[in-house]
Amino acid sequence: MFDLTPAAGQLAGLVRGVTDGDLKAPTPCPDYTVADLLDHVNGLSVAFTMAALKTPLEGTASGDASRLPLDFRESMPVRLDELAAAWRSSSAWEGMTRAGGVDLPGEVAGAVALDEIVLHGWDLARATGQPFEVDPELLQVVHGFVSSIGPDDRDGSLFGAAVEVDSNAPLLDRVLGLSGRNPAWSLG
């Protein structure tokens, strides 16, 4: 078990910092604008909260700007807080659950939830020019998760092909590379 609160709080702060002018900007996620990414995060927040509560939802958090709630700056931080709170229960980590249409052990679902929060937090920060920090212990968990993904699972559904990053690069850069992201991506 680990606490998703610091990462969820970081992402909530980033969401609050998104301006209306940011919504159509590109992100490190191919084919996602900031608004698409926000809708994806909104959906995954609900899906992984329900996974922790063992009452999973069917479907996936696809990312469609037309579905983004108008009050996203207020409602998404609440959903992210609910997500972190749901994973503070030991029962969330036990047994099986379901997220994104996939059956997972609770402990794996918790790692996937953290991975989503951290990576999309970085995506959002980069796309909107906001600073990004991640708790070093949580980054280690995400590194363990992305390191476990084999080449056959890098078809774009979870991650794209790994981006080569120097082995001496900071851990965040190595995590980003393993997740198929270019750590040097920038809006400009």
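What counts, and at which threshold
Residues numbered from 1 in each chain as written. Predicted model: local features only at pLDDT ≥ 70, side-chain atom pairs only at ≥ 80, totals over all residues. Heavy atoms only, no water. Phe/Tyr/Trp six-rings, centres within 6.5 Å; stacked < 30°, edge-to-face > 60°. Helix = DSSP H or I, 4+ residues; strand = E, 2+ residues; numbered from the N terminus. Buried < 20%, exposed > 50% of the residue type's maximum accessible area, 1.4 Å probe, protein only. Contact = heavy atoms within 4.5 Å.

Draft legend 1. Local environment of the packing of aromatic side chains. Taken as a whole, this structure holds 2 aromatic pairs when the rule is applied. Between phenylalanine 2 and tryptophan 93, the ring centres sit 4.8 Å apart and the planes meet at 70 degrees, which makes this aromatic pair edge-to-face. Of this pair, phenylalanine 2 sits in the segment before α1 (5–16) while tryptophan 93 is found in the loop between α3 (72–86) and β1 (96–99), placing the two residues 91 residues apart along the sequence. Grouping residues by exposure puts phenylalanine 2 and tryptophan 93 together as buried. Here tryptophan 87 and tryptophan 93 contribute two aromatic rings whose centre-to-centre distance is 5.0 Å and whose plane-to-plane angle is 70 degrees, an arrangement assigned as edge-to-face. Here the aromatic residues Phe2, Trp87 and Trp93 are joined through ring pairs into a cluster of three or more.

Draft legend 2. Representation of the environment of glycine 13 within the structure. Here glycine 13 lies in helix α1. Residues glycine 13 and aspartate 64, 51 residues apart in the sequence, show an inter-C-alpha distance of 21 Å.

Draft legend 3. Here's a closer look at helix α6 (residues 171–178). Every buried residue of α6 is listed here: Leu171, Leu172, Val175, Leu176 and Gly177. In this structure, the buried residues of α6 make contact with α4 (106–128) and α5 (136–147). Where α6 ends, the next residue or the one after it, glycine 180, has phi of about 90 degrees, a positive value.

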